[in-house]
Amino acid sequence: MADITLISGSTLGSAEYVAEHLAEKLEEAGFSTETLHGPLLEDLQTSGVWLIVSSTHGAGDLPDNLQPLYDAIKEENPDLSNVRYGAVGIGSREYDTFCGAIEKIDVLLTDCGAKRVGSLLKVNILDHDIPEDPAEVWVGSWKNLLQDL
């Protein structure tokens, strides 16, 4: 089975909780995981499977702990063609920039050659008091798509 690196970006901690919960579910399914909260580019392998979980704050902005990674990828433009990734965004539909951070990350990774596996999950906290719940349902399907990699 594939090793999965979970990358979280969080302002108030919800994305960290979701990432840790998804790591547990993936490990129960037989995957090995590593969870990194706000890693730097040099902390990551430029191959393998990433699962990014990010909240959005402000006007569609990335959390402060994920901004350095985003900036480094944008500046260095690394070859990520050997990366397959999943993406989970957490935000509120009250804002027109709903899940703007994960959308920016999705575009940037694709621009660097990474290939998204499955659909982008956007969790509306107005509908889900516990964002781990819809993320768990999503990862149940997403992990099955990894079998084809």
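Everything here concerns the structure above.
Trainee: I tried to follow the packing of helix α2 (residues 67-76) against helix α3 (residues 100-111) on my own but got confused; where do I start?
Mentor: When two helices pack together, you describe them by how their axes are tilted relative to each other and by the distance separating the axes. Packing of α2 against α3 brings their axes to within 10 Å, and their N-to-C directions diverge by 30°. One finds that α2 runs roughly parallel with respect to α3. Crossing handedness for the pair α2 and α3: left-handed. Residues Y70, I73 and K74 of α2 touch α3, and the partners they reach there are K104, I105, L108 and L109. Here the contact of α2 with α3 is composed, by residue class, of 5 nonpolar, no polar and 2 charged.

Trainee: Mind showing me how you'd approach unusual backbone geometry here?
Mentor: The general pattern is negative phi for most residues beyond glycine and trans for most peptide bonds. Its identity is not glycine, yet N77 carries a phi of approximately 45°, on the positive side. Summarising the element assignment, N77 is placed in the loop between α2 and β4 (82-91). The residue C99 is not glycine, and still its phi comes out positive at about 55°. Summarising the element assignment, C99 is placed in the loop between β4 and α3. Its relative accessible area of 1% is what places C99 among the buried residues.

Trainee: Just to check I follow, could you spell out the environment of D64 for this structure?
Mentor: Among the structural elements, D64 can be located in the loop between β3 (47-55) and α2. Assessed through its relative accessible area of 64%, D64 is described here as exposed. With 43 residues separating them along the chain, D64 and H21 place their C-alpha atoms 21 Å apart.

Analysis parameters
- Residues numbered from 1 in each chain as written.
- Predicted model: local features only at pLDDT ≥ 70, side-chain atom pairs only at ≥ 80, totals over all residues.
- Heavy atoms only, no water.
- Axes fitted to C-alpha atoms, helices over the stretch in contact; angles between N-to-C directions.
- Helix = DSSP H or I, 4+ residues; strand = E, 2+ residues; numbered from the N terminus.
- Parallel < 35°, antiparallel > 145°, perpendicular 65-115°, else oblique.
- Left-handed = near helix turned anticlockwise from the far one by under 90°.
- Contact = heavy atoms within 4.5 Å.
- Nonpolar A, V, L, I, M, F, W, Y, C, P; charged D, E, K, R; others polar.
- Buried < 20%, exposed > 50% of the residue type's maximum accessible area, 1.4 Å probe, protein only.

Function cannot be read off these values alone, since they describe shape.
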